[in-house]
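# Observations on the model geometry
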Amino acid sequence: MGVILGIESSCDETSVAVCDNGRILSNIIAGQQVHQAYGGVVPELASRAHQQNIIPTVHQAIKIAKISKKDINAVAFTRGPGLLGALLVGTSFAKSFALGLRVPLIEVNHMQAHILAHFIDQPQPSFPFLCLTVSGGHTQIVLVNDYFDMQVLGQTLDDAAGEAFDKTAKVLGLPYPGGPLIDRYAREGDPNAFSFPEPSIAGLDFSFSGLKTAILYFVRDRVKENPDFLKERLADICASVQHRIVSILLNKLTEAAKRTGIRQVAIAGGVSANSGLRAAMETARREQGWEVFIPKMEYCTDNAAMIAIAGYYKYLAGDFAGQDVSPLARWSI
Ligand code: KG4
Ligand code: ZN
């Protein structure tokens, strides 16, 4: 028997999932609207909202899964990386809950979990495969040798891809988080309307801060000429920015595939929900002959199903945490 309760609280989603021998029975996500007014996640408010949400979310996940608390064999939780105060809520709850139920506690690395979300449904990649992990805080090309044997081949030197989307959205006057909104407007626009620079970074690392500055100056200059520029060309700007971010990601991923000779290529993390990136992966499937793995939408952005599945593989390996475990704001995979 392997019923795992997974808890995610690294940023602004309180999420709880139940997984039974690798099968997800429930995956409840309580979002936090409170940050919208501030244009970004406010750490202190995130912690408070997790504190309010965690118990009702656990109850709901157990109810939807149609199990009872005594069926739970282990409690898995996100130990990091993330906002420390937010992680503390999930970590403290998981420790107490495991202690109360007298079951093992399992620590999970959030970025590993994004990758392991590929083992929730079929088809699943086999080892080794490459994974482009793109979220609000990370942009990495990871060589995945085994469930918990992962090597970062390249990563961003400054902003993450999700940040590039969110900061662009801010410049365009769109609310937080702007990534999904840019995606939506981009569908109506011309990706070749405007040309934004591609950074020349050697190897498999990324940089997005130059792009952010270029967009800022571009918008400032055009609005000076025509105050209605943003309103008139929003869709074209969004499509062009998205086109550039996606091409930066795909060029490096293609280089990584070339260097390693690996043809199984996956994407993971919040930005893997982006329709431009998903379409570019489909094109690569056809043109490069890659075997491509794209997560279901509900497993792209933060969720506890990925924590539960990562916890399940640790449970099988007997890899448990002690009650003295504490969260880590920074924790490489
Ligand atoms: O993985 P995630 O939910 O949280 C972190 O671990 O950071 O990723 C959140 C990021 C945000 O930057 C958000 O704007 C971006 O993913 N995102 C998107 C889309 N959906 C979420 N970016 C572009 N297009 C989307 N459809
Ligand atoms: Zn995430």
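Anything mentioned here points back to the structure above.
Quick summary incoming for the structure in this document.

## Here's the deal with the site of ligand 1
The local shell around ligand 1 holds 17 residues, among which G136, D166, D183, N274 and D302 are the closest. Here H110 contributes a side-chain N or O atom positioned 3.2 Å from an oxygen atom of ligand 1. Bound to the protein, ligand 1 loses 88% of the 550 Å² it would expose on its own. Looking at the shell around ligand 1, the elements with two or more residues in it are α3 (110-116), α4 (161-171) and α5 (179-186). Class assignment of the residues belonging to the shell around ligand 1 gives a composition of 4 nonpolar, 10 polar and 3 charged.

## Some points on the packing of aromatic side chains
How two aromatic rings sit relative to each other is given by the distance of their centres and the angle of their planes. Tallying each qualifying case throughout the model produces 15 aromatic pairs. Arranged with centres 4.0 Å apart and planes meeting at 15°, the rings of Y147 and Y313 form a pair that is stacked. Taken together, the residues span a long stretch of sequence, with Y147 in the loop between β7 (139-146) and β8 (149-155) and Y313 in helix α9 (residues 305-317) at a distance of 166 residues. Taking relative accessible area as the criterion, Y147 reaches 23% and is therefore assigned partly exposed.

## Regarding helix α2 (residues 84-101)
Counted at 1.5 Å a residue, the expected span for α2 with its 18 residues is 26 Å, and the 25 Å between its end C-alpha atoms agrees. Among all positions in α2, only A86, L87, V89, G90, T91, F93, A94, K95, F97 and A98 are buried. Those residues of α2 hidden inside the fold are in contact with β1 (3-8), α1 (43-64), β4 (74-80) and β5 (105-109). Trailing α2 by a residue or two, R102 shows a phi angle of about 55°, which is positive.

## What to know about the environment of Q33
Within the element layout of this structure, Q33 appears in the loop between β3 (23-30) and α1. Distance in space between the C-alpha atoms of Q33 and A49 is 9.6 Å, their sequence separation being 16 residues.

## Some remarks on the state of the cysteines
As enumerated under the stated definition, the model contains 0 disulfides in all. With no disulfide of its own, C131 has C300 as its nearest cysteine by sulfur position, at a separation of 10 Å. Relative accessible area serves as the criterion here: at 0%, C131 is assigned to the buried category.

## Comments concerning the sheet that holds β1
Spatial strand order, β3-β2-β1-β4-β5: 5 strands in an open sheet with mixed pairing. Edge strands, defined here as strands with exactly one partner in the open sheet, are β3 and β5. On average, each strand axis in the sheet is tilted by 20° relative to the strand beside it, whichever way the strands run. Where β1 and β4 come together, 4 bridges link them in parallel fashion.

## Some details on the pairing of β7
Counting buried positions along β7 yields 6 of 8 residues, so the element is predominantly enclosed. Where strand β6 (residues 129-134) and β7 come together, 6 bridges link them in antiparallel fashion. Counterpart to C131 in the pairing with β7 is V142. Counted along the chain from β6 to the antiparallel partner β7, the turn is 4 residues long. Of the pairings in the sheet, the one linking β7 to β8 comprises 6 bridges and is antiparallel in character. Bridge assignment links I141 to a residue of β8, and that residue is G154. Two successive antiparallel strands, β7 and β8, enclose a turn made up of 2 residues.

Calculation criteria
- Residues numbered from 1 in each chain as written.
- Chains lettered and ligands numbered in written order.
- Predicted model: local features only at pLDDT ≥ 70, side-chain atom pairs only at ≥ 80, totals over all residues.
- Heavy atoms only, no water.
- Near = heavy atom within 4 Å.
- Polar contact = N/O pair within 3.5 Å; in protein donor to acceptor, adjacent residues only side chain to side chain.
- Areas by Shrake-Rupley, 256 points an atom, 1.4 Å probe, with all protein chains shown as cover.
- Helix = DSSP H or I, 4+ residues; strand = E, 2+ residues; numbered from the N terminus.
- Nonpolar A, V, L, I, M, F, W, Y, C, P; charged D, E, K, R; others polar.
- Phe/Tyr/Trp six-rings, centres within 6.5 Å; stacked < 30°, edge-to-face > 60°.
- Buried < 20%, exposed > 50% of the residue type's maximum accessible area, 1.4 Å probe, protein only.
- Expected span 1.5 Å × (residues − 1).
- Contact = heavy atoms within 4.5 Å.
- Disulfide = S-S within 2.5 Å.
- Pairing = 2+ DSSP bridges.
- Axes fitted to C-alpha atoms, helices over the stretch in contact; angles between N-to-C directions.

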